[in-house]
Amino acid sequence: ILSIDCGGTGEHTDALDIKWVGDDSYIKTGKAAHVQNLSKYSQELNSLRYFPSQKKSCYVIPGIATGKKHMVRASFFYGNYDGKLSPPSFHLQFDGNTWATVDTSSTDSYYRECLRCSDVAGTGTLHLHFEIREFEPRMYETDDQEDVLLRKSRIAFGAADFVRYPDDPYDRYWHPSGKIDEVITATRDNMSFIPKTTDIPVKALVHAITAASSKATTLTVPTSGIFSEDATYYYIFYFMEVLEAAYQNKSRSFDFLVDGIKRNDDPIIPPYQWRRTNYNQGRYLTAGSNISLINTANASLPPILNAMEIFKVQRGLANGTNEQDVNALKVLQGQYQQLQSWAGDPCFPAGSTWDWLKCNTDDLPRVTELDLSGLGLSSPLPDFSSLTALEIIDLSNNSLSGQIPDFLGTFPYLKEL
């Protein structure tokens, strides 16, 4: 578990016994500030970091190893920190790929969550805290290990309260469903025996929704606004019987339909001492798709649903800037402090390259222009000859010293120096 309090300093432990650290080790740009409208949500949303100068600012989070599954949750609260009553909007990216557009508020906080992303960047002004949680390899299996899951919804149906850590050891946010038309909440009849699971907290399972009429044969899953665009979605639906007699009598038996098409092989009979899931690792759905649970012929009680998780699948991710160029840029940053505030992918996504670079559009982009003019650089130039795609180099208006290095004459495509 890693929890980063952006704009905060030092360490502290919150009411859930989660340890928070300041963000100085993860970013080298931006300014710290405090909100004027104190957050009603958590102490960590009272401090923030904003970025008035660079068009892209990136948090680099080490230790998120390739091949492991991590959740990154980024939270945002404007809180009128600048006294202007002008909540900003900005783009959020991970590893050089588009994540989301964030519209902030003076009074409310927002968060975005993705699975399998590491370096996080924002374009424009942003202010937030980060929470990184590692999952077990067996959780959230996908068709392609490079797939990234962007959370659309995670609901504990019928729950009275928000469910998270310590009830969920992975600290996921399970939102209560609230009032839903034409359904009622069913609560487990025997709380003395509740099965313990690790992939979903017990508190997200002990309640369920079912049709308000005991004679109903269909339960339409409330997904309004979730399938908001044509895309590939990953979903998990959780079923556990709350009435022991209903399980013993096999009173519930139903099918799982997506847009009217049956998507289960055997009837779903919710177990009483465990939970059953219905999931898909990536199904293309259109905006406004619907999911329904429909009784089989021998059912005498309507379907139930305890919890669900729905993600948008992000595929075709950018591979990043050519590694040879990345290493050369690290040499320059190591020599000149003026360049060290830039982090993340130098060329991705298009339109968000580092301010002092231009790149081509190759699958692994190459740096074609290096503009270091007027940055107050001094000392001799380090060797950046591995930037072999350079066409333009501008070193003017600096205080460089030493001899003109020979490597400046080795760039095969150089047009302007």
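Residues numbered from 1 in each chain as written. Predicted model: local features only at pLDDT ≥ 70, side-chain atom pairs only at ≥ 80, totals over all residues. Heavy atoms only, no water.

Enquirer: Describe in detail the packing of aromatic side chains, supporting the description with residues and values.
Expert: Two aromatic rings are characterised by how far apart their centres lie and by the angle between their planes. What the rule picks out here adds up to 23 aromatic pairs. For the pair Phe-384 and Phe-407, a centre-to-centre distance of 5.0 Å together with 75° between the ring planes defines the contact as edge-to-face. Residue Phe-384 is found in the loop between β27 (378-379) and β28 (392-394), and its partner Phe-407 is found in the segment after β29 (399-400); the two are separated by 23 residues along the sequence. Both residues of the pair, Phe-384 and Phe-407, belong to the buried class. Classification of Phe-384 by relative accessible area gives buried; the value is 0%. Each member of the aromatic cluster is reached from another via a ring pair, and the members are Phe-135, Tyr-140, Tyr-170, Tyr-234 and Phe-311. The ring of Phe-135 has Arg-172 sitting right over it, with the charged end atom 5.9 Å from the ring centre. Arg-188 extends its terminal NZ or CZ atom over the ring of Tyr-272, reaching a point 4.0 Å from the ring centre. (Phe/Tyr/Trp six-rings, centres within 6.5 Å; stacked < 30°, edge-to-face > 60°. Helix = DSSP H or I, 4+ residues; strand = E, 2+ residues; numbered from the N terminus. Buried < 20%, exposed > 50% of the residue type's maximum accessible area, 1.4 Å probe, protein only. Lys NZ or Arg CZ within 6 Å of the ring centre and 35° of its normal.)

Enquirer: Break down the environment of Asn-37 for me, with residues and values.
Expert: Along the chain, the position of Asn-37 falls in the loop between β4 (31-34) and β5 (47-50). When its relative accessible area of 31% is taken as the criterion, Asn-37 is described as partly exposed. The spatial distance from the C-alpha of Asn-37 to the C-alpha of Asn-398 is 44 Å, given a sequence separation of 361 residues. Among residues more than four places away in sequence, those in contact with Asn-37 are Phe-77, Gly-79, Asn-80 and Ser-106. (Contact = heavy atoms within 4.5 Å.)

Enquirer: Break down the sheet that holds strand β16 (residues 207-211) for me, citing the residues and quoting the values.
Expert: For sheets, the rule is that strands pair by backbone hydrogen bonds, running either parallel or antiparallel. Ordered by their spatial adjacency, 3 strands build an open sheet running β15-β16-β23, and the pairing between neighbours is antiparallel. With one partner strand each, in any of the chains shown, β15 (183-187) and β23 (304-305) form the two edges of the open sheet. Taken together, the 2 bridges between β16 and β23 define a ladder with antiparallel strand orientation. Following the sheet pairing, Thr-210 is matched in β23 by Ile-304. (Pairing = 2+ DSSP bridges.)

Enquirer: Quick rundown of the side chain of His-129? Include the residues and the values.
Expert: Position of His-129 among the secondary structure elements: in strand β12 (residues 128-135). Among the residues examined, His-129 registers a relative accessible area of 4% and is labelled buried. Within the structure, His-129 has its side chain in polar contact with the side chain of Glu-131 (distance 3.5 Å). (Polar contact = N/O pair within 3.5 Å; in protein donor to acceptor, adjacent residues only side chain to side chain.)

Read these as layout, nothing more, since geometry by itself doesn't imply function.
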